[in-house]
Amino acid sequence: MLFVWSVSDLDKRRKITQFITTLLYNPFITNLFKGRLHTGASKGVCVPGLNCYSCPAAAGSCPLGSLQQNLGNLKKGVNTYVIGSILLFAALFGRFVCGWLCPFGLLQELLYKIPVPKCVKRLKWLGWLKYVMLVVLVIALPIVISIEKGMGYPAFCKYICPQGTIGGLFLTGFNETLRNQAGLTFLLKVAILIGILLCSAAIFRPFCRFICPLGAIYGLFNKIALIRIKHDGGTCTNCGACSKVCPMRLNPVTECNHADCIRCGKCIGKCPEKSLSFTCKR
Amino acid sequence: MDKKKTMNLLTVILLILSIIMIASGAYTGKIKETERKGNALCLECIGLG
């Protein structure tokens, strides 16, 4: 049970959860080297985190990709199942999904362990970019293109999503037909992927902080999600230990349920007075 | 109503709404539609479209 774990091993358990989640999302690893997709009924299930359904190893569907597919083809009606799934994950977990259940977040965290000089600035203004991505590429463009041409496409997936590019690299690497289709857009996406992976060594989770539209959606629900972080002002001595350790550069004393908090729990583990805790209660 | 109760109410409303939406989607065949989309290779998603 999450709420009775000792705070000292919270981070270790989070890492284990991230690895298990990555495997659960992508159990068909052998498909990576065959250059073909897994197909089956499991693709009808939306996973909580960002995980491209066109990755050869993927078992489920990406909620963001499914949402864009639907918005690009509204003639068939609104896909309440996909929107309901995103709302359910948001209401239950908020950005807990980002911190614990996202494979691309795990990859960025592993890269952050590379010993290079780290950027410790908050870069708050860049955080707004993910909301621009959400409104323009995820919502507006698929709808506008579908009105113009009759059928839209998932614009965020097509031009930005580095998670899908990883699957694309395996597909183009092991499937000659697909390799021949790779053009300028693919090169652009590979460049974005390389840029994000390089930045990940110096900046903690740059994609999650500045670009991810799914994180932007979940972040909007952080304050009302069932799993939250509670700050007990009565025992807090304002020592500042929590804000020093926060990888998202927040101050947990005043911003424990901020839209950028990914619920990693590092502040909980560091608090000497145990003033911070995961809770379902208000 | 105090802030805590309002927030709790919002959470409950959101949970109920999401479950209703998922159930209605399942009833109208949207899970099958999602499955169909997921099983077809989305060239745009991997940058080849």
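Here we summarise the structure given alongside this text. (Residues numbered from 1 in each chain as written. Chains lettered and ligands numbered in written order. Predicted model: local features only at pLDDT ≥ 70, side-chain atom pairs only at ≥ 80, totals over all residues. Heavy atoms only, no water.)

Let us look at the side chain of A:Glu109. Residues and elements named next belong to chain A. Mapped onto the secondary structure, Glu109 falls in helix H5 (residues 103–112). On the basis of relative accessible area, Glu109 is assigned to the buried category, the value being 4%. Look past the residues within four positions of Glu109 in its chain and what remains in contact with it is Arg14, Lys15, Gln18, Phe204, Arg205 and Ile262. (Helix = DSSP H or I, 4+ residues; strand = E, 2+ residues; numbered from the N terminus. Buried < 20%, exposed > 50% of the residue type's maximum accessible area, 1.4 Å probe, protein only. Contact = heavy atoms within 4.5 Å.)

Enumeration over the complete set of coordinates arrives at one disulfide over all chains. Not part of a disulfide, A:Cys102 finds its nearest cysteine sulfur in A:Cys208, a span of 5.8 Å. Here A:Cys157 stays free of any disulfide, with the sulfur of B:Cys45 as its closest cysteine sulfur at 4.3 Å. (Disulfide = S-S within 2.5 Å.)

This paragraph deals with the interface of chain B and chain A. It is common to give the size of an interface as the accessible area lost on bringing the parts into contact. With 33 residues of chain B at the interface, the matching set in chain A holds 52 residues. In this assembly, chain B packs against chain A so that about 3500 Å² is buried in total across both faces, 68% of it on carbon and sulfur atoms. The three residues of chain B that bury the most area against chain A are B:Cys45, B:Ile46 and B:Leu48, which together make up 17% of that side's buried surface. Connecting chain B to chain A are zero salt bridges. Seen at the junction of chain B and chain A, the total is 10 residue pairs in polar contact (both at pLDDT 80 or more). Among the elements of the structure, helix H1 (3–27) and helix H2 (30–39) of chain B are those that each provide at least two residues to the side of chain B that touches chain A. The greatest single-element share of the side of chain B that touches chain A, amounting to 14 residues, is contributed by H1(B). Here the side of chain B that touches chain A is built from residues that sort into 16 nonpolar, 10 polar and seven charged. (Buried area = accessible area lost by both parts, 1.4 Å probe. Salt bridge = Lys/Arg side-chain N within 4 Å of Asp/Glu carboxyl O. Polar contact = N/O pair within 3.5 Å; in protein donor to acceptor, adjacent residues only side chain to side chain. Nonpolar A, V, L, I, M, F, W, Y, C, P; charged D, E, K, R; others polar.)

All names here are of chain A. Along its 19 residues, helix H10 (residues 184–202) runs 28 Å from first to last C-alpha, staying within 8% of the 27 Å computed at 1.5 Å per residue. Among the residues of H10, Phe186, Lys189, Val190, Leu193, Ile196, Ser200 and Ala201 are the ones counted as buried. Along the axis of H10, the buried residues cluster in a sector spanning 150 degrees; they form a single face. Those residues of H10 that are exposed and aimed more than 90 degrees away from the buried face are Leu184, Leu187 and Leu198. The secondary structure elements touched by the buried residues of H10 are H5, helix H7 (155–159), helix H8 (162–174) and helix H11 (206–210). (Expected span 1.5 Å × (residues − 1). Arc of directions from axis to C-beta.)

This part covers the pattern of salt bridges. Once their charged atoms are close, side chains differing in charge can pair, the charge on each being opposite to the other. All names here are of chain A. For the coordinates displayed, the defined rule picks out 11 salt bridges over all chains. In this structure, the salt-bridge partner of Asp9 is Arg13, at a minimum N-O distance of 3.5 Å. When the shortest N-O distance is used, the salt bridge between Asp260 and Lys130 registers 2.9 Å. With Asp260 in the loop between helix H14 (252–255) and helix H15 (266–270) and Lys130 in helix H6 (residues 129–149), this residue pair connects regions lying 130 residues apart in the sequence. On the accessibility criterion, Asp260 (16% relative accessible area) is buried.

All names here are of chain A. Between helix H1 (residues 10–25) and H5, the shortest axis-to-axis distance is 9 Å and the interhelical angle comes to 130 degrees. On the basis of the axis angle, H1 is oblique to H5. Considering how the two elements wind past one another, H1 and H5 form a crossing that is left-handed. For the pair H1 and H5, contact is made by Arg14, Lys15, Gln18, Phe19, Thr22 and Tyr25 and by Pro103, Gly105, Leu106, Glu109 and Leu110, respectively. Residue classes in the contact of H1 with H5 are distributed as five nonpolar, three polar and three charged. (Axes fitted to C-alpha atoms, helices over the stretch in contact; angles between N-to-C directions. Parallel < 35°, antiparallel > 145°, perpendicular 65-115°, else oblique. Left-handed = near helix turned anticlockwise from the far one by under 90°.)

Turning next to a nonpolar patch on the surface. Residues and elements named next belong to chain A. A cluster of nonpolar side chains, contributed by Leu23, Ile29, Phe33 and Phe174, occupies part of the molecular surface with about 390 Å² of accessible area. Within the element layout of this structure, Ile29 appears in the loop between H1 and helix H2 (63–71). For Ile29, a relative accessible area of 39% gives the class partly exposed. (Patch = residues over 30% accessible without salt bridge, like charges linked within 9 Å, V, L, I, M, F, W, Y side chains within 5 Å. Areas by Shrake-Rupley, 256 points an atom, 1.4 Å probe, with all protein chains shown as cover.)

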